[in-house]
Amino acid sequence: MKLRNTVRQVTEKEQKVAIDFLEELIFSDTKVPDGFYDKMMKKYALMSDPFTCLPCTSKEYAKNSLEYSRQCMIEKYGHCDGLE
């Protein structure tokens, strides 16, 4: 009998629940063990929002990252080409 090495996909709903708990910990200044946030970010495949640096879902990151890049280009070059 072979054991399959399967990687379970984390759903967006699971990501949102994990984000809710992590944000509660972040804003309450609760002491957590070193590496806890990084471990949870990896476990739930969370990203860091480019605007706030708070945890966000992969879907939110894709949307916000594009907008962040657009705003940076406009600020730096005065226009935005090629991001759409």
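Let me sum up the structure you'll find in this document. Please read all numbers here as calculations on a predicted model, not as lab measurements. (Residues numbered from 1 in each chain as written. Predicted model: local features only at pLDDT ≥ 70, side-chain atom pairs only at ≥ 80, totals over all residues. Heavy atoms only, no water.)

1. As for the packing of aromatic side chains
- Throughout the structure, instances matching the rule amount to two aromatic pairs.
- Consider the rings of Phe 51 and Tyr 68, whose centres lie 5.3 Å apart with planes at 85°: the pair is edge-to-face. Note that Phe 51 is positioned in the loop between strand E1 (47-48) and strand E2 (55-56) and Tyr 68 in helix H3 (residues 58-77), a separation of 17 residues in sequence.
- By relative accessible area, Phe 51 is classed as partly exposed at 40%. (Phe/Tyr/Trp six-rings, centres within 6.5 Å; stacked < 30°, edge-to-face > 60°. Helix = DSSP H or I, 4+ residues; strand = E, 2+ residues; numbered from the N terminus. Buried < 20%, exposed > 50% of the residue type's maximum accessible area, 1.4 Å probe, protein only.)

2. Description of the pattern of salt bridges
- Scanning the model with the defined rule gives two salt bridges in all.
- Glu 12 is the partner of Lys 16 in a salt bridge, and the nearest nitrogen-oxygen pair spans 3.9 Å. Linking Lys 16 with Glu 12, this pair stays in helix H1 (residues 12-28), spanning four residues, or about one helical turn.
- Assessed through its relative accessible area of 45%, Lys 16 is described here as partly exposed.
- Given a relative accessible area of 31%, Glu 12 falls into the partly exposed group.
- In this structure, Glu 67 engages Arg 70 in a salt bridge whose closest nitrogen and oxygen atoms are separated by 2.6 Å. (Salt bridge = Lys/Arg side-chain N within 4 Å of Asp/Glu carboxyl O.)

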